[in-house]
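Examination of the molecular architecture
Now for the letters of each chain:
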Amino acid sequence: MAGEIEYGVLRTLVVVLVMASGFGGVVDGKREIPIGAIFHQVPDHSYESEIAFRYAIERVNMHEKHFELVPIVRYVSPEDSFKTERKVCELAAEGVTAVFGPSSILTSGIVGSICKTLEIPHIITHWDPEPLGGIEPDLQAMTINLYPEADVLSRALADLIVDYSWKSFTIIYDSDEGLMRLKDILQIHGPSDAPITVRQIDDDPDYRPLLKDIQSSGESHIILEIRPERILELLRQAKEVKMLEEYQSYIITSLDAHTIDFEELRYSRSNITALRLMDTKSFDIKNAVHDWEQGEARMKRQFRVSPEHVRTESALYNDAVKIYATAIRELDATEEITPSRLSCGSKNLRQWPFGLRIINYMKVKTEHGITGPIIFDDYGRRAHFHLDIIELSKDEGFKKIATWDPTHGVNYTRSQGEVYSQIVESLQNKTFIVASRIGAPFLMFKEKKDGEFLEGNNRFEGYSLELIDGISKILGFQYRMELVPDGKYGSYNKVTKKWDGLVKHLLDRKADLAVCDLTITYERRTAVDFTMPFMTLGISILYAKPVQQPKDLFSFLSPLSLDVWIYMATAYLGVSVLLFVLSRMAPADWENPHPCKQDNDEVENIWDMFNALWLTMGSIMGQGCDILPKAISTRLVAGMWWFFALIMLSSYTANLAAFLTMERMDATIESAEDLAKQSKIKYGVVMGGSTMAFFQTSNFSTYQRMWASMESARPSVFTKSNDEGRDRVIKGKRMYAFLMESTSLEYITERYCDLTQIGGLLDSKGYGIAMPVNSPYRTAISGAVLKMQEEGKLYQLKTRWWKEMRGGGQCTEAPNSSQENELGIGNVGGVFVVLALGCLCAFIIGILEFLWNVRKVAVDEKVTPWDALKAELKFALNISVTSKPVHNTLSESTASGKSSLRSKSESRRGSEVASRDHREVRTAASMSNIDRIGFVFDKH
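Within each chain, residues carry numbers counting from 1 in the order of the written sequence. Given that the model is predicted, a residue must reach a pLDDT of at least 70 before its local features are reported, and side-chain atom pairs must reach 80 or more before they are shown or counted; all residues, however, enter totals for whole chains, interfaces and linings. The basis for every side-chain value is the complete set of heavy atoms in the structure, and neither hydrogens nor water enter the calculation.

1. A few points about the overall build of the chain
Keep this limit in mind: A run of H or I in DSSP becomes a helix once it reaches four residues, and a run of E becomes a strand once it reaches two; helices and strands are each numbered from the N terminus. Burial here depends on accessible area, computed with a 1.4 Å probe over protein chains only, as a share of the maximum for the residue type. Under 20% is buried, over 50% is exposed, and the range in between is partly exposed. By the convention used here, residues are in contact when the closest approach between their heavy atoms is within 4.5 Å. Only the protein chains shown count as covering a residue, and every accessible area follows the Shrake-Rupley method with a 1.4 Å probe.
For the chain, the helix and strand inventory stands at 31 helices and 32 strands. Taken across its 940 residues, the chain has 46% of its residues classed as buried. Sequence separation of at least 24 residues holds for 69% of the intrachain contacts in the chain that already meet a minimum separation of 6. Here the chain displays about 48,200 Å² of accessible surface, and carbon together with sulfur accounts for 56% of that area.

2. Some words on the UniProt feature "binding site: L-glutamate" (unreviewed entry) in the chain
Rules: UniProt positions are given in the numbering used here, feature names are shortened, and annotations may be inferred rather than shown by experiment.
Mapped onto the present numbering, the UniProt feature "binding site: L-glutamate" (unreviewed entry) falls at Thr 519, Arg 524, Ser 690, Thr 691 and Glu 741. Along the polypeptide, Thr 519 turns up in the loop between strand E24 (513-514) and helix H16 (522-525). Sequence-distant contacts of Thr 519, defined by excluding residues within four places in its chain, comprise Arg 524, Phe 530, Ser 690, Glu 741, Lys 765, Gly 766 and Tyr 767. Within the secondary structure, Arg 524 is located in helix H16. Given a relative accessible area of 4%, Arg 524 falls into the buried group. Residue contacts for Arg 524: discarding those within four places in its chain leaves Tyr 489, Gly 490, Trp 499, Val 503, Leu 518, Thr 519, Phe 530 and Ser 690.

3. Side note on the pattern of salt bridges
Quick reminder of the rule: Counted as salt bridges are all cases of a side-chain nitrogen of Lys or Arg within 4 Å of a carboxyl oxygen of Asp or Glu.
Within the structure shown, the criterion is met by 48 salt bridges. The shortest N-O distance in the salt bridge between Glu 263 and Arg 266 comes to 2.8 Å. Notably, a salt bridge pairs Lys 400 with Asp 388, separated by 3.5 Å at the nearest N-O pair. On the criterion of sequence distance, the pair formed by Lys 400 in strand E16 (residues 397-405) and Asp 388 in strand E15 (residues 387-393) is long-range, its members being 12 residues apart. Three or more residues joined by partner-sharing salt bridges are found here, namely Arg 74, Arg 86, Lys 87, Glu 90 and Glu 94.

4. Section: the sheet that holds strand E30 (residues 755-758)
Basically, it comes down to this: Note on pairing: DSSP must find at least two bridges between two strands before they are called paired. Angles run from 0 to 180 degrees between N-to-C directions of axes, and those axes are lines fitted to C-alpha atoms, restricted for helices to the stretch in contact.
Across the sheet, four strands lie side by side as E28-E29-E27-E30; this open sheet has mixed pairing. Single-partner strands in this sheet number two, and they are strand E28 (682-684) and E30. Across the sheet, the mean angle separating the axes of adjacent strands is 30° when strand polarity is ignored. Sheet analysis places E28 next to strand E29 (residues 736-741), joined by three bridges and oriented parallel. Within E29, the position partnered with Tyr 683 by the bridge is Ala 737. The strands touched by helix H23 (residues 722-731) within the sheet are strand E27 (539-544), E29 and E30, with E29 carrying the most contacts at an inclination of about 150°. The sheet strands contacting helix H24 (residues 742-749) are E27, E29 and E30, and the helix crosses E29 at an angle near 120°.

5. Focus: the state of the cysteines
Filter applied, for reference: Any two cysteine sulfur atoms lying within 2.5 Å of each other are counted as a disulfide.
Per the counting criterion, the structure on display carries two disulfides. Across the disulfide from Cys 89 sits Cys 344; the S-S distance is 2.2 Å. With the S-S dihedral at roughly -115°, the linkage between Cys 89 and Cys 344 falls on the left-handed side. Of this pair, Cys 89 sits in helix H3 (residues 81-93) while Cys 344 sits in the loop between helix H11 (312-332) and helix H12 (355-364), placing them 255 residues apart in sequence. In this structure Cys 115 is a free cysteine whose sulfur lies 8.9 Å from that of Cys 344, the closest cysteine sulfur available. Classification of Cys 115 as buried rests on a relative accessible area of 1%.

6. A short note on the sheet that holds strand E17 (residues 409-412)
Strand order in this open sheet of eight strands is E8-E7-E9-E10-E11-E15-E16-E17, and the pairing throughout is mixed. Strands at the two margins of the open sheet, each flanked by one partner only, are strand E8 (197-200) and E17. Across the sheet, the mean angle separating the axes of adjacent strands is 25° when strand polarity is ignored. Where E16 and E17 come together, four bridges link them in antiparallel fashion. The partner of Trp 404 across the bridge, within E17, is Val 410. Strands in contact with helix H9 (residues 228-240) are strand E7 (170-173), strand E9 (221-225), strand E10 (249-252) and strand E11 (271-276); relative to E10, the strand with the most contacts, it is inclined by about 175°.

7. Description of a nonpolar patch on the surface
Which entries qualify depends on this criterion: Surface patches are defined over residues having more than 30% relative accessible area and no salt bridge, joining like charges when they lie within 9 Å and nonpolar side chains (Val, Leu, Ile, Met, Phe, Trp, Tyr) when within 5 Å.
Taken together, the side chains of Leu 837, Leu 840, Ile 844, Ile 847, Leu 848 and Leu 851 make up a nonpolar region of the molecular surface, amounting to roughly 540 Å² of accessible area. Position of Leu 840 among the secondary structure elements: in helix H28 (residues 825-861). On the basis of relative accessibility, which here comes to 46%, the residue Leu 840 falls in the partly exposed class.

8. Topic: the side chain of Asp 174
This is how it is decided: A 3.5 Å cut-off defines polar contacts: any pair of N or O atoms within that distance qualifies, except that in protein one atom must be a possible hydrogen donor and the other a possible acceptor, and neighbouring residues in sequence count only when both atoms are side-chain atoms.
Tracing the backbone shows Asp 174 in the loop between E7 and helix H6 (176-180). Within the structure, the side chain of Asp 174 is placed 2.9 Å from the backbone nitrogen of Arg 227, a separation counted as a polar contact. If sequence neighbours within four positions are ignored, Asp 174 has contacts with Gln 200, Ile 201, Glu 225, Ile 226, Arg 227 and Arg 230.

9. Concerning the packing of helix H21 (residues 690-697) against helix H22 (residues 701-712)
To keep it simple, the criterion reads: Rotating anticlockwise by less than a right angle from the far helix to the near helix defines a left-handed crossing, while the corresponding clockwise rotation defines a right-handed one. Classes in brief: Ala, Val, Leu, Ile, Met, Phe, Trp, Tyr, Cys and Pro nonpolar; Asp, Glu, Lys and Arg charged; the others, Gly included, polar.
At a minimum axis distance of 7 Å, the contact between H21 and H22 shows a crossing angle of 115°. Of the two elements, H21 crosses H22, and the hand of that crossing is left-handed. The segment H21 lies against H22, with Met 692, Phe 694, Phe 695 and Gln 696 engaging Tyr 703, Met 706, Trp 707 and Met 710. For the contact of H21 with H22, the residue count by class is seven nonpolar, one polar and no charged.

10. A few points about the packing of helix H14 (residues 463-475) against helix H25 (residues 778-790)
Describing two packed helices takes the angle between their axes plus the distance from one axis to the other. Going by this rule: Angle categories: roughly parallel below 35 degrees, roughly antiparallel above 145, roughly perpendicular from 65 to 115, and oblique for all the rest.
At a minimum axis separation of 9 Å, H14 and H25 run at an interaxial angle of 110°. With respect to their mutual orientation, H14 and H25 come out roughly perpendicular. Note on element contacts: H25 touches H14 through Ala 780, Ile 781, Ala 784, Val 785, Lys 787 and Met 788, opposite Leu 467, Gly 470, Ile 471, Ile 474 and Leu 475. Looking at the contact of H14 with H25, its residues break down into nine nonpolar, one polar and one charged.

See the structure below:
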């Protein structure tokens, strides 16, 4: 208050000197130009602003040679409209060339109206919202506002929230003006987004109940739109109720947040972000602060302020004086600017002729001040400006991390490496609570040895434990494993609107991380954050392997039923007999045995029962025969038999391989489509898991049918865990299939050899480490996961826990598709048995034929059977001989008469054979067409 009185005395002396020297007089060769200012009677708020105003004028006057600005200051109450009007008229009567202030929306409007009437420039430095009816250019014609334009500033806050990826947040405000400043933030919220909570605080200094309500809602993002003097106390109380933890984030909208002493909160673990209009490290602001301190020292007053704590309004007053002086200087160079005493109540109202010219010049002039670039639009609003985005740090207080401007939006000034280094540094010696659930192979209770006592992390083993242990070694933090009470992964109940399982544990801030086979889904991603996936997978089908049938040596007979084989044998014999009978009856099948003797009285029929059987057998084997019938009836019978044989042979050949492959299996399924098309085999999933959610929300028709089938099945096909599903498949005897994630399925099939995976993957997804939303450690932990992946450690962990530990590797690798289609000796061995039996029979018959021939030779040659046997064996075993004499020389004592007799006998038989061969050749030639048909059938 003493400073205000001293300023008042100084002001009075200046006015007296001006009036004594005449209005618009000259001091030290400079023309005096008075400018007015109205400050509120709140010393704590306006004292620094008035200092900035006065010493900005002093610095201008130090450099100007032709004019000198003379400050005339008035004081009013923020709510006193009547007094404000009177003070403005007093300033007009004193001939001021501009009016600066006041900083209240209510009183500023009155000043602006009077200045518009008198055409005196009106310069303000506070937030001024756009009128509800829109901007009226005539009413705003004489007003210039250096404070950032309301809509653009609101857009800056909205861009920051979008950049931070805040899906939901709570706004705490203390006045209607504050809520109006956030209209762009409210507009970025879509109808499908998470709700935004808006809470107003009153004059009650106890904010704890409000903060506890916000805490119980699980909200971790808070926007503070309150007066600067309330911010520190609210954050103190937030710390008391544990609302300043590492997962809470605050954005302070006040541009004066940097002036608050946050020393006691610097070591809080929450993120506190604010906006700042000025660069506190610039030369301009340091120079201005130096002027203030030195000027006050000359006036025997103590004033101390650091550049980092300069109020935004003070900086704006400094820039306002600077840009106004620039306008006066530029215009005065072309036409001398002279002040005029004006009256508010005069009937003959006069306006200052230079006012509009000064305002228009300021609108088009671009200036750079303490608050950065100063650019106005056509309405005198500061539509272009730069903001510093600052963050409270432990070492430096508020630290600049990014900038914002209307053209480029948010632009970070620190590198990702710096961010990562800060996060890793904060992790040193920190102890994380890691939530998980029991489920092989991710986390299991360690098997105790006799007399062993296990506690803490030593109670567990598994993939999850070794994964988090590897990450902790990379980042240097400690951890403590805890089991989630309900043992669930985490699903959202739309009725209660609450989460359960691991997700709820994170939302309640009872854990820092959650690691297990937790699938990253869109729904979970709205509630918690995830690292990059440490394992990729998909949904597949667990099913019991087909039951192997006993091997049958005569499997090759199986493609045709017993009835068909009997019918074929009957048809074979019947057609053979019919062919024999018809050939006996048909004249065309009786032939002259000696074609060269036309007068031969005898004809011969070659179609005995043996030849008929041979023809039908050759046809059904696909080989044909070297003799063919000649009669039309017999040809017709033969042709129909060939057609029948072709059809039966083709059917048998086509079905043989497939039947022998499938004989080891019973009815099976190969894909999800097969499951969906049938109703005999039931199938299910884990209740409340991501696999259930996949079918529940799928738009694919096959999966929709499967979900409808599962949902309507009685008894229920859903299980509480994968282990229960596995047991149900084992006991189901191929009447139940279980849909589960492929990683768990692989683990099961490595240990239960009678179970297998059916088909491919139905989708693609990944397991990730979950943490509270906006966790500062996500980037660092994701980086550690990536490092383990690149080093091959994730693959080693999976191999260890899937194929080696706890009974892994018991089951051999599944055969590939080519091996599955191979036929083993156990399937076709019967063919070899039949071949061997046939060959044995042929050998026996051959021996009998040989012995019969030996007997006949002995009779014909009149030698002993023993001599005949030796002679025939000697000839048969001499493989170098390729021709056989008409008679054998059995011994040297054999009479020539006997040899002659044998030669005659052999000659006679040879003649008969030759005659018969001639007839057969002629018969074959006459039936060449039928032979060609047989050849075609044989090829098929």
